[in-house]
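Listed below are the residues making up each chain.
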Amino acid sequence: MNKILVPVDLSSATAQVCMAAAELAQSMDAQLLILHVIAPLPSTISGYDVFNPYQVTAFRRAFRRAAGRKMKALGRWFKKRCPSTDTVIHEGKPAGEILRLARQEKMDYIVIGSHRHGAMHDLLIGSTAHLVLRQSPCPVVLVPIPSGTGKVQDSAARKEYLDDWTKQRID
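Figured I'd write up the structure that's included with this text. (Residues numbered from 1 in each chain as written. Predicted model: local features only at pLDDT ≥ 70, side-chain atom pairs only at ≥ 80, totals over all residues. Heavy atoms only, no water.)

**Observations regarding the overall build of the chain**
Across its full length, the chain carries 6 helices and 7 strands. Listed by position from the N terminus, the elements making up the chain come as β-α-β-β-β-α-β-α-β-α-α-β-α. Looking at the 171 residues of the chain, the share that counts as buried comes to 37%. Look at the contacts in the chain between residues 6 or more apart in sequence, and 80% of them connect residues 24 or more apart. Looking at the chain as shown, the accessible area adds up to about 9800 Å², and 55% of this sits on carbon and sulfur atoms. (Helix = DSSP H or I, 4+ residues; strand = E, 2+ residues; numbered from the N terminus. Buried < 20%, exposed > 50% of the residue type's maximum accessible area, 1.4 Å probe, protein only. Contact = heavy atoms within 4.5 Å. Areas by Shrake-Rupley, 256 points an atom, 1.4 Å probe, with all protein chains shown as cover.)

Encoded structure:
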């Protein structure tokens with residue numbers, strides 16, 4: 001059985017990336033692994049402390065709880081379409097964690113969104129999708145995300161995902 005890694009940033013573009021991954025998985029009868037990476041918080045900027053250790057710990061816990069709720073809803077959304085789906089949350093640099101997991105789990109494909117930030121952004125900050133594309137051990141499917149949107153063409157599927165996510169927040 002093929003294995004597909006689907007890294008998500010839990011932004012409004014997540015639903016579009018997920019729909020593309022679900023379609024690919026269904027056509028290939030593939031197993032999905034949905035990954036969200038919580039990036040490390042900067043402790044200093046230009047030599048000045050941004051957060052004290054207590055704040056870093058509190059923020060990390062809050063990010064993990066919020067990501068856990070969203071990933072649980074995302075997992076339910078996927079299970080309806082692709083029963084062989086797992087979700088995981090890692091902490092670290094997103095591109096590095098994606099590539100590490102792809103190698104470790106011997107993934108056959110990676111489906112990732114590309115936000116098209118622009119050349120200046122890519123030059124100064126870099127793009128997770130481009131780093132993954134250049135260093136991936138397997139084929140990468142890029143899902144283009146138009147700037148400032150992330151809206152899904154299939155509004156019924158997007159509504160179902162958002163409804164699941166809202167229910168999870170209430171539970």
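**Here we look at the packing of helix α3 (residues 94-104) against helix α5 (residues 128-135)**
Across the interface, α3 lies against α5 with an axial gap of 9 Å and an inter-helix angle of 35°. α3 and α5 meet at a crossing whose hand is right-handed. Contacts from Pro-94, Ala-95, Ile-98, Leu-99 and Arg-103 in α3 reach Thr-128, Leu-131, Val-132 and Gln-135 in α5. Of the residues assigned to the contact of α3 with α5, the class counts are 6 nonpolar, 2 polar and 1 charged. (Axes fitted to C-alpha atoms, helices over the stretch in contact; angles between N-to-C directions. Left-handed = near helix turned anticlockwise from the far one by under 90°. Nonpolar A, V, L, I, M, F, W, Y, C, P; charged D, E, K, R; others polar.)

**Examining the packing of helix α1 (residues 14-28) against helix α2 (residues 53-81)**
Where α1 contacts α2, the axes come no closer than 10 Å and their chain directions differ by 30°. As the angle between them shows, α1 and α2 are arranged roughly parallel. Remark: the crossing between α1 and α2 carries right-handed chirality. Two secondary-structure elements touch here, α1 through Thr-14, Cys-18, Met-19, Ala-21, Ala-22 and Gln-26 and α2 through Leu-74, Trp-77, Phe-78 and Arg-81. Here the contact of α1 with α2 is built from residues that sort into 7 nonpolar, 2 polar and 1 charged. (Parallel < 35°, antiparallel > 145°, perpendicular 65-115°, else oblique.)

**With respect to the sheet that holds strand β6 (residues 109-114)**
Read across the open sheet, the 5 strands follow the order β5-β2-β1-β6-β7; overall the sheet is parallel. Across the chains shown, the open sheet's two edge strands, defined by having one partner strand only, are β5 (85-91) and β7 (140-144). Neighbour-to-neighbour, the strand axes of this sheet turn through a mean angle of 25°, independent of strand direction. In terms of strand pairing, strand β1 (residues 3-8) meets β6 through 2 bridges, oriented parallel. Paired with Ile-4 across the strands is Tyr-109, a residue of β6. Packing against the sheet, α5 makes contact with β6 and β7, and its axis sits at approximately 150° to β6. (Pairing = 2+ DSSP bridges.)

**Digging into the pattern of salt bridges**
For side chains of opposite charge, pairing can occur when their charged atoms come near one another. Under the criterion given, the structure shown has 3 salt bridges. The salt bridge involving Arg-64 is made with Glu-91; its shortest N-O contact spans 3.1 Å. Here Arg-64 is found in helix α2, whereas its partner Glu-91 is found in strand β5, with 27 residues between them in sequence. Glu-91 gets classed as partly exposed once you look at its relative accessible area, which sits at 33%. When salt bridges with common partners are traced through the structure, they connect Arg-60, Arg-64 and Glu-91 into a single cluster. (Salt bridge = Lys/Arg side-chain N within 4 Å of Asp/Glu carboxyl O.)

**So, the environment of Ile-112**
In this structure, Ile-112 sits in strand β6. Considering only alpha carbons, one finds Ile-112 and Thr-128, 16 residues apart in sequence, at a separation of 9.2 Å.

**Side note on the packing of aromatic side chains**
Enumeration according to the criterion identifies 2 aromatic pairs in this entry. Ring geometry for Phe-59 against Phe-63: centres 6.3 Å apart, planes inclined by 20°, an arrangement best described as stacked. Of this pair, Phe-59 and Phe-63 both sit in helix α2, separated by 4 residues, roughly a single helical turn. With a relative accessible area of 39%, Phe-63 lands in the partly exposed category. Considering the side-chain rings of Trp-77 and Phe-78, the 5.1 Å spacing of their centres and the 90° angle between planes classify their relative orientation as edge-to-face. Classification of Phe-78 as buried rests on a relative accessible area of 0%. (Phe/Tyr/Trp six-rings, centres within 6.5 Å; stacked < 30°, edge-to-face > 60°.)

Everything listed here is a matter of geometry and, on its own, says nothing about what the molecule does.
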